[in-house]
Amino acid sequence: MLPKHWVQIGDVLILPLRQELEPYKHRIAEVYAQVIGVKTVLRKGRIGGEFRETNYEVLYGSDTVTVHVENGIRYKLDVARVMFSPANVKERVRMAKVAKPGELVVDMFAGIGHLSLPMAVHGKARVIAIEKSPYTFQFLVENIELNRVQDRMTAYNIDNRDFPGENIADRILMGYVVTTHEFIPKALSIAKDEAIIHYHNTVPERLMPEEPFRTFREIAREHGYEAEKLNELVIKRYAPGVWHVVVDVRVFKR
Ligand code: SAM
């Protein structure tokens, strides 16, 4: 009954615990903390809402802020409130490789810089990172400094729909799920006449592999753009029968 799998982010552990273990949860967390050597243990819970915030119960310790190092990037975050998915690691590593020196990347859903820090650090790209949640934004700003990319990464604490830049981006990151399609017109207005968009969304399995690209292309055409699918990857299972998918799309003005 004790958990055999857990997630460690920096020196914070996220433990999935079955309901039957409720009366023993603090004692179990203490043992895991000591054996694994972490300062805090959280109980795995749900991620939700517009800001994709976690709301994990603290079982052991009190400090939920940590620095997680992955692929040479230092990510500071509050694990109890800000999502950091281990299942997205391949995508974070891939983004470090696709970015090109000097190109302008606009990250419309930056979070703490999950995907765009690797592009600025390893890819030497210039990045505009937009994050709406004021709490998450504080970590984004700190992470830009921690990774010493202030010279090429700028952060905005606004709704990306209020971002004023038009026709400026070589590459756009749309790392969001469920309602990402609603933001396609804004992404197209930020994109140069030709650009690459890394479009994430959640898709019911029965609509794959046509979706999510079909909807993207439809909306792009309505806005005077043609869209070409370059690549498609499954990131992870989102819910039973629903997958989180990313499509790399080349868009160009007709
Ligand atoms: N893009 C990262 C990734 O894929 O790993 C972070 C993903 S996180 C699920 C999405 C982030 O987008 C959250 O931090 C949320 O607060 C932010 N967000 C949601 N709606 C937004 C909007 N309209 N404008 C800017 N940021 C937004």
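Residues numbered from 1 in each chain as written. Predicted model: local features only at pLDDT ≥ 70, side-chain atom pairs only at ≥ 80, totals over all residues. Heavy atoms only, no water.

- Under an unreviewed UniProt entry, the protein has the name tRNA(Phe) (4-demethylwyosine(37)-C(7)) aminocarboxypropyltransferase and belongs to Thermococcus camini.
- Annotation of the protein in UniProt includes, under Subcellular location (unreviewed entry), the sentence "Cytoplasm".
- Within the UniProt record for the protein, the comment given under Sequence similarities (unreviewed entry) is "Belongs to the class I-like SAM-binding methyltransferase superfamily. TRM5/TYW2 family." (UniProt positions renumbered as here; feature names shortened; annotations may be inferred.)

### Topic: helix H4 (residues 134-146)
No. 1: Between its terminal C-alpha atoms H4 stretches 19 Å, which fits the 18 Å expected from 13 residues at 1.5 Å a residue.
No. 2: If you check which residues of H4 are buried, you get Thr-136, Phe-137, Phe-139, Leu-140, Asn-143 and Ile-144. Within H4, the buried residues cover an arc of 160° as seen down the axis, which keeps them to one side.
No. 3: Following H4 by one or two positions, Arg-148 adopts a phi angle in the positive range, close to 50°. (Helix = DSSP H or I, 4+ residues; strand = E, 2+ residues; numbered from the N terminus. Expected span 1.5 Å × (residues − 1). Buried < 20%, exposed > 50% of the residue type's maximum accessible area, 1.4 Å probe, protein only. Arc of directions from axis to C-beta.)

### Details of the site of the ligand
No. 1: In the vicinity of the ligand lie 20 residues, with Phe-109, Glu-131, Asp-159, Asn-160 and Gly-175 positioned nearest.
No. 2: Backbone polar atom of Lys-132 to a nitrogen atom of the ligand: 3.2 Å apart, as the coordinates give it.
No. 3: By residue class, the composition of the shell around the ligand is nine nonpolar, five polar and six charged.
No. 4: Residue assignment places the shell around the ligand across two domains, with domain 1 (7-78) and domain 2 (86-253) each supplying three or more. (Near = heavy atom within 4 Å. Polar contact = N/O pair within 3.5 Å; in protein donor to acceptor, adjacent residues only side chain to side chain. Nonpolar A, V, L, I, M, F, W, Y, C, P; charged D, E, K, R; others polar. Domains from an automatic or database assignment.)

### Examining the domain arrangement of the protein
No. 1: Domain assignment breaks the protein into domain 1 (7-78) and domain 2 (86-253).
No. 2: A straight line from the C-alpha centre of domain 1 to that of domain 2 covers 27 Å.
No. 3: The partner domain 2 presents 26 residues to the 16 residues of domain 1 that form the contact.
No. 4: For the pairing of domain 1 and domain 2, the buried interface totals around 1700 Å² over both sides, and the portion due to carbon and sulfur atoms is 56%.
No. 5: Between domain 1 and domain 2 we count three salt bridges in total.
No. 6: Our count for the contact surface shared by domain 1 and domain 2 stands at nine residue pairs in polar contact (both at pLDDT 80 or more). (Contact = heavy atoms within 4.5 Å. Buried area = accessible area lost by both parts, 1.4 Å probe. Salt bridge = Lys/Arg side-chain N within 4 Å of Asp/Glu carboxyl O.)

### Some words on unusual backbone geometry
No. 1: Looking along the chain, the bond that leaves Met-208 and enters Pro-209 is cis, with omega of 5°.
No. 2: Its place among the elements puts Pro-209 in the loop between strand E13 (191-204) and helix H6 (213-222).
No. 3: For Lys-124, which is not glycine, the phi torsion reads 55° and is therefore positive.
No. 4: For Lys-124, the position within the fold is in the loop between helix H3 (116-121) and strand E10 (126-130).
No. 5: Despite not being glycine, Val-178 shows a phi value in the positive range, around 75°.
No. 6: Within the secondary structure layout, Val-178 lies in the loop between strand E12 (169-174) and helix H5 (184-190).

### Here's the deal with the sheet that holds strand E11 (residues 153-156)
No. 1: Read across the open sheet, the seven strands follow the order E11-E10-E9-E12-E13-E15-E14; overall the sheet is mixed. Where the open sheet ends on each side, the last strands, each with one partner, are E11 and strand E14 (225-239). Here the average twist between neighbouring strands, direction ignored, is 15°.
No. 2: Bridge count for E12 against E13 is five bridges, and the pairing is parallel. Within the sheet, the bridge partner assigned to Ile-172 lies in E13 and is Ile-197.
No. 3: Here H4 sits on the sheet in contact with E10 and E11, set at roughly 170° to E11.
No. 4: Seen against the sheet, H6 touches E13, E14 and strand E15 (242-253) and runs at an angle of roughly 145° to E14. (Pairing = 2+ DSSP bridges. Axes fitted to C-alpha atoms, helices over the stretch in contact; angles between N-to-C directions.)

### Structural notes on the pairing of strand E2 (residues 12-15)
Note on strand geometry: in a regular strand, side chains alternate between the two faces of the sheet.
No. 1: The side-chain alternation of E2 yields two buried faces, one formed by Val-12 and Ile-14 and the other by Leu-13 and Leu-15.
No. 2: Bridge count between strand E1 (residues 7-9) and E2: three bridges; the pairing is antiparallel. Opposite Gln-8, over in E2, you have Leu-13 as the bridge partner.
No. 3: Hairpin geometry of E1 and E2 is characterised by an intervening segment of two residues between the two adjacent antiparallel strands and by a positive phi of about 55° at Gly-10.
No. 4: Relative to strand E3 (residues 40-43), E2 is paired through four bridges, and the arrangement is parallel. The residue bridging Leu-13 from the neighbouring strand is Val-41, located in E3.
No. 5: A crossover links E2 with its parallel partner E3, the connecting element being helix H1 (residues 25-36), and its sense is right-handed. (Right-handed = clockwise from strand over helix to strand, strands pointing away.)

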